[in-house]
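# A look at the structure
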Amino acid sequence: MMATSAGLPLLLSLLLLLLGQPRAGAGAHREAVVCAGNACYTAHWGRLSAAEAQLHCSKNGGNLATVRSEEEAWHIQRALTQLLESEVTLATWVGKFWIGLQREKGKCLDPSLPLKGFSWVGGGEDTLYTNWNKEVRSSCISRRCVSLLLYLSQPSHASHLPKWSESPCGSPTSPGSKIEGFVCKFSFKGMCQPLALGGPGWVNYTTPFNATSSSLEAVPFASAATVACGDREDGQEHYFMCREKAPDVFDWGNSGPLCISAQYGCSFNNGGCQQDCFEGGDGSFRCGCRPGFRLLDDLVTCASRNPCSSNPCRGAATCEQGPHGKSYMCHCPRGYQLDSSQRDCLDVDECQDSPCPQECVNTPGSFRCECWVGYEPGGPGEGACQDVDECAPGRSPCAQECTNTEGSFYCSCEKGYVLAGEDSTQCQDVDECADMENGLCDSLCLNTQGSFRCGCLPGWELGPDGVSCTPGPMSLAPPSGSPQGEDAGDREGKLVYSATVSRPTRGPEGTSKEAPTTKGPSLPRNAPITLAAPDVLAPSGPPGVWMEPSTHQAMATTGRAENTDEDSVAKQSDEGTDGQKLLLFYILGTVVAILLLLALALGLLVYRKRRAKREEEKEKKPQNAADSYSWAPERAESRALENQYSPTPGTDC
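All residue numbers refer to positions counted from 1 along the written sequence of the respective chain. Reporting in this predicted model follows two pLDDT cut-offs: at least 70 for local features of residues, and 80 or more for side-chain atom pairs to be given and counted; totals over whole chains, interfaces and linings ignore these cut-offs and use all residues. The basis for every side-chain value is the complete set of heavy atoms in the structure, and neither hydrogens nor water enter the calculation.

Let us look at the overall build of the protein. Numbering of helices and strands starts at the N terminus; helices are DSSP runs of H or I of at least 4 residues and strands are runs of E of at least 2. Each helix and strand counted, the protein has six helices and 39 strands in total. A simple rule labels every residue: compare its accessible area, found with a 1.4 Å probe on the protein chains alone, to the largest value its type can have, and call it buried under 20%, exposed over 50%, or partly exposed in between. Within the span of the protein, comprising 653 residues, buried residues form 36% of the whole. Carbon and sulfur atoms provide 54% of the accessible area of the protein, an area that totals close to 39,100 Å². The protein chains shown are the only cover counted for residues, whose accessible areas, like all others here, come from Shrake-Rupley with a 1.4 Å probe.

See below:
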């Protein structure tokens, strides 16, 4: 029998809402809705950004669609196909529809994962299905979103699953390139079977997410149905609601087909029966089921006697029939376990049991082992991870010495150098001559790469200890004061003075007493010494002034011994002095030439200015005819009239 609006009070409030809903076929816009399993998918036109599309879905209680399995991908494809069929004409173009797969800003690409570091809007990163169109762009600086790529003008688009395309998520002013719409998903605790009509009439469903349709394959829980029997639109209407009758059992609360008619019997829509329809002799009929199925309480629907026939297990879980065919049990594949409902599977985090010797990374249904920094995977028989020899030839990052350690390394320097650089892999020379207060040499000190040399002024010889200076055969009396360098040089070849030090000597009795060593040649304090003066470094005696030890301890040499090393040092000193003098002459010559050019230019400038001034005065002076004559003085004329025979000028006689 059919139920009317005189049912539960809950139906009264719902009926008031339904009275304002347009019926299908009465000019209402067709919704692209597909319901299957425990979810409904809706496809929408709209050039929106991913955030705006998600907001539109969430207002009705859903999210942008997930595509976790191939089955779910086909459901979405059916919804998109319905949406495209609603358009009369479609140009030849490619369209994109947002789904709920996104990667937040700052999260980088992970090629080892199926979702490449993306995650579903509704939560979770695990998936058993992917369908990427091309390699995902490796970017961490912006938010990325995924859309379904459809070739809208092709007639076979419904037979191919759409590819996944990742791109920027767009903005309200710029939703994204080729974005044409989006797909929403709404999940429910259960579904009702569509209402069956045994005679002429129509059914219109209104879902909780405000979508209307007359051709749903499954109707979500809490949906309302409006039924009108007869061929005329003004026929009597009846209202029903999908309710939960028992755990995991949902129905409309009615029994038997709707709108039955003795005139049609089983000839119209199989009498509204799902499987078999049996007619009686008086024009009545009833529904029946095939072997292996049983008729449910609505007297229309048939259910398999196998409890697994209704697919009670979800996700990756598989159903196994229990004894006597009255119960079932869900099983999960390896790497998963049943959730609290015992009907779906959750990933098992194998890393909780520490199966790896070093690093463990959990993946959907499995895990993988990785090595720490400084280690690499070992070969067969070498263990899971082995140490990387950073000091191997061609790999060492150190400038001088490298010492490998377990999982790391450290650098060191030879004697005379210290570690330098931000990563302490470089070596820098130590300037042994820089410490003037505690100088290593008594007189002159020359810093070299990794070492130093001691030397003496002319007239002095290097002592047996290679540090102190002793008077030579032709040395002058030493002036007072002790030599001291002006400053410490920080480059090789710079000479500085070192303070004189006292050294112990032995007295006649064999006891040690403190006696000052003979001081080397001294200059006033802070007097600069350079290599430019040829008479400073030239030894007054035989060779032996300079000494270059292999370490910081200089070997003593005699003033009269023939030593090739000393001769080469003295020769290099003379060559360096000549070179510096030649350089000084070049500099002085250049300066003199420049000064001469400046003087010449200045003289030319002064001459031109004076000449221009004279020409300017000449142009300003007035011109007349008398300017070309020379006038004699008046006194000269009077004297010309005097008697030229007068013996006395100025008289007549």
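If you look at the biggest cluster of nonpolar residues, it comprises 34 residues, and the most contacted ones within it are W98, L195, Y205, V227 and W252. Those elements that place two or more of their residues in this core are β1 (32-36), α2 (50-59), β8 (179-187), β9 (191-192), β10 (201-206) and β13 (224-229). For this core, the element with the most residues is β8, which contributes four residues. We define a nonpolar core as any set of buried Ala, Val, Leu, Ile, Met, Phe, Trp, Tyr and Cys residues linked to one another through side-chain atoms lying within 4.5 Å.

Our next topic: the state of the cysteines. The term disulfide is used for any two cysteine sulfur atoms that are within 2.5 Å. Enumeration according to the criterion identifies 21 disulfides in this entry. For C57, the disulfide goes to C184, at an S-S distance of 1.8 Å. Taking the sign of the torsion about the S-S bond as the criterion, the disulfide between C57 and C184, at about -70 degrees, is left-handed. Residue C57 is found in helix α2, and its partner C184 is found in strand β8; the two are separated by 127 residues along the sequence. For the pair formed by C57 and C184, the shared burial category is buried.

Here we come to the environment of G122. Take G122: it is sitting in the loop between β5 (119-120) and β6 (144-151). For the pair G122 and K185, spaced 63 residues apart in sequence, the C-alpha separation works out to 9.9 Å.

What describes a pair of aromatic rings is the distance from one ring centre to the other and the angle between the planes of the rings. Each pair of aromatic rings taken from Phe, Tyr and Trp, with Trp reduced to its six-membered ring, is defined by centres within 6.5 Å and is described as stacked if the planes are under 30 degrees apart, edge-to-face if over 60, and tilted in the remaining cases. Per the counting criterion, the structure on display carries eleven aromatic pairs. A centroid spacing of 5.6 Å and a plane angle of 50 degrees characterise the contact between F118 and W132, whose relative ring orientation is tilted. Pair noted here: F118 is in the loop between β4 (94-103) and β5 and W132 is in the loop between β5 and β6, with a separation of 14 residues, a long-range link. With relative accessibility at 1%, the residue F118 sits in the buried group. Ring geometry for W120 versus W164: centroids 5.9 Å apart, planes at 85 degrees, classification edge-to-face.

Before going further, it helps to examine a nonpolar patch on the surface. Patches draw on residues past 30% relative accessible area with no salt bridge. Two like charges within 9 Å are joined, as are two nonpolar side chains (Val, Leu, Ile, Met, Phe, Trp, Tyr) within 5 Å. Salt bridges, as used here, are contacts in which a Lys or Arg side-chain nitrogen is within 4 Å of a carboxyl oxygen on Asp or Glu. A cluster of nonpolar side chains, namely L583, I587, V591, I594, L595 and L598, defines an oily patch on the protein surface of about 570 Å² accessible area. Its place among the elements puts I594 in helix α5 (residues 564-620). By relative accessible area, which is 45% here, I594 ends up partly exposed.

A few words on the environment of C40. Residue position: C40 is located in strand β2 (residues 39-45). Residue classification places C40 among the buried positions, given a relative accessible area of 0%. Sequence separation between C40 and M191 is 151 residues, and the spatial gap between their C-alpha atoms is 10.0 Å. For C40, the contacting residues outside a window of four places in its chain are V34, C35, C184, K185, F186, F188, M191, F209 and P220. Only heavy atoms enter the contact rule, under which two residues are in contact if any of them lie within 4.5 Å.

Let us look at the pattern of salt bridges. Taken as a whole and judged by the stated rule, the model has ten salt bridges. Ionic pairing is found between K185 and E72, a salt bridge with its closest N-O pair at 2.5 Å. Placement of K185 in strand β8 and of E72 in helix α3 (residues 70-85) is noted, with a sequence separation of 113 residues between them. E72 gets classed as buried once you look at its relative accessible area, which sits at 6%. Notably, a salt bridge pairs E104 with R143, separated by 3.4 Å at the nearest N-O pair. Of this pair, E104 sits in the loop between β4 and β5 while R143 sits in the loop between β5 and β6, placing them 39 residues apart in sequence. E104 sits in the partly exposed class, given a relative accessible area of 45%. Under the relative-accessibility criterion, R143 is labelled partly exposed at 30%.

Spatially, the four strands line up as an open sheet ordered β11-β10-β13-β14, and their pairing is antiparallel. Bordering the open sheet on either side are β11 (212-213) and β14 (237-241), each of which pairs with just one other strand. Note that β10 and β11 share two bridges and pair antiparallel. Pairing of Y205 across the sheet is with S213, part of β11. By this definition, two strands are paired if DSSP reports at least two bridges between them.

It is worth spelling out the confidence of the model for the protein at this point. Each residue carries a pLDDT value, the predictor's own confidence for that position, ranging from 0 to 100. Residue-level pLDDT values for the protein average 75, and 70% of them are 70 or greater. Ignoring residues within four places in sequence, the model shows residues 1-29, a span with pLDDT below 50, making 37 contacts including any to other chains. Throughout residues 628-644 the model reports pLDDT below 50, and contacts reaching past four residues in sequence, or to other chains, amount to three contacts.

Let us now look at α2. Taken as a whole, α2 has its buried residues at A50, A53, Q54 and C57. Each buried residue of α2 sits inside an arc of 100 degrees when the element is viewed along its axis, so together they form one side. Along its buried surface, α2 packs onto β3 (63-64), β4, β6 and β8. Where α2 ends, the next residue or the one after it, G61, has phi of about 95 degrees, a positive value. Comment: arc refers to directions from the helix axis out to C-beta atoms.

Between its first and last C-alpha atoms α3 spans 22 Å; for 16 residues at 1.5 Å apiece the expected length is 22 Å, and the two agree. Burial in α3 covers these residues: E72, A73, H75, I76, Q77, A79, L80, T81, L83 and L84. Of the surrounding secondary structure, the elements contacted by the buried residues of α3 are β1, β2, β4, β6 and β8. To estimate the expected span of a helix, subtract one from its residue number and multiply by 1.5 Å.

With that out of the way, let us pick up the pairing of strand β15 (residues 243-246). Judged from the three bridges that link them, β15 and strand β16 (residues 249-251) form a sheet pairing that is antiparallel. Directly across from A246, in β16, lies its bridge partner V249. The turn joining β15 and β16, which pair antiparallel and follow one another in sequence, is formed by two residues; a positive phi near 65 degrees is taken by D248.

One non-glycine residue, A222, adopts positive backbone phi at about 75 degrees. Here A222 is to be found in the loop between β12 (219-220) and β13. For Q342, which is not a glycine, the phi torsion comes out positive at approximately 60 degrees. Overall, the relative accessible area of 46% leaves Q342 in the partly exposed class.

On to the environment of W120. Counting through the fold element by element, W120 comes out in strand β5. Along the chain, W120 and L64 lie 56 residues apart, while their C-alpha atoms are 8.8 Å from each other.

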